[in-house]
Amino acid sequence: ALGALSAQRKPFQDSPTPSGNSSAAVLLMRLHAFTNESKYREYADKTLRVFAGLAEQVGIFAGTYGIAALWNFRPHTQVVVVGNDQTAQHLYASAVAPFALNKAVIRVRHANDHLPPALAETVRELPGVKDGKSLAVVCSNFACLPPIDHPDQLAKTLHEVLTR
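Residues numbered from 1 in each chain as written. Predicted model: local features only at pLDDT ≥ 70, side-chain atom pairs only at ≥ 80, totals over all residues. Heavy atoms only, no water.

1. As for the sheet that holds strand β4 (residues 143-144)
For sheets, the rule is that strands pair by backbone hydrogen bonds, running either parallel or antiparallel.
Okay, step 1: Reading across the sheet, the four strands line up as β2-β1-β3-β4 and stay open at both edges, with mixed pairing between neighbours. Looking at strand neighbours, the two that pair on one side only are β2 (103-108) and β4, the edges of this open sheet.
Okay, step 2: In terms of strand pairing, strand β3 (residues 135-140) meets β4 through two bridges, oriented antiparallel. Residue pairing for β4: C139 is matched across the bridge by C144.
Okay, step 3: Each of β1 (77-82), β2 and β3 is contacted by helix α5 (residues 86-96), which is oriented at about 170 degrees to β2, the strand it contacts most.
Okay, step 4: With respect to the sheet, helix α7 (residues 151-162) is in contact with β1, β2 and β3, its orientation differing from that of β3 by roughly 5 degrees. (Pairing = 2+ DSSP bridges. Helix = DSSP H or I, 4+ residues; strand = E, 2+ residues; numbered from the N terminus. Contact = heavy atoms within 4.5 Å. Axes fitted to C-alpha atoms, helices over the stretch in contact; angles between N-to-C directions.)

Right, dumping it as structure tokens:
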């Protein structure tokens, strides 16, 4: 009655689309980063462990597994840009410029806009936010750095955080 869902086979390799299990592990790691719910990280870790011995055998067809593993072993980094002016636009441009698989950038007009729970409390209490000042905050592994209001400083800070 379940068709393909009843199959015991769990495809691992990306061919031609990303592996469902590896994609699920990436999603679970991202959910953990936004919510700080440990159950998501635990599920992702279990999924990665099931397939750990296969990655070497399938080589380049384990790309999505590699992305999930990177999320598992590197701290997640989130940049929140708050503001709706030219400064906020420049901060956002600096935030999205460096590529990193484990980085997410969120831009909100006001600190009261919807934010992931793990960031909401921190962002609303940042100095300058209540005054309407545009700024960015970089958080990595659930620890946030002081607010940044200059795009060049944001670029420098992101480089330091992402290359640790």
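After that view, the rundown keeps rolling.
2. A closer look at the state of the cysteines
Okay, step 1: Under the definition given, this model contains one disulfide.
Okay, step 2: The disulfide that involves C139 links it to C144, with 2.0 Å between the sulfurs. With the S-S bond torsion at 100 degrees, the cross-link from C139 to C144 turns out right-handed.
Okay, step 3: When its relative accessible area of 33% is taken as the criterion, C144 is described as partly exposed. (Disulfide = S-S within 2.5 Å. Buried < 20%, exposed > 50% of the residue type's maximum accessible area, 1.4 Å probe, protein only.)

3. With respect to the confidence of the model for the protein chain
Okay, step 1: Summarising the model, the protein chain shows a mean pLDDT of 88, and 95% of its residues fall at 70 or more.
Okay, step 2: Per-element averaging of pLDDT across the protein chain places helix α6 (residues 117-124) at the bottom with 74 and α5 at the top with 97. (pLDDT = per-residue confidence, 0-100.)

4. Some remarks on the pattern of salt bridges
Oppositely charged side chains can pair when the atoms bearing their charge come close.
Okay, step 1: As enumerated under the stated definition, the model contains two salt bridges in all.
Okay, step 2: A salt bridge links R49 to D45; the nearest nitrogen and oxygen atoms lie 2.8 Å apart. Separated by four residues within a single helix, R49 and D45 lie in helix α2 (residues 38-51), roughly one turn from each other.
Okay, step 3: Of the charged contacts in the structure, one is a salt bridge between D149 and K133, with a shortest N-O distance of 2.8 Å. (Salt bridge = Lys/Arg side-chain N within 4 Å of Asp/Glu carboxyl O.)

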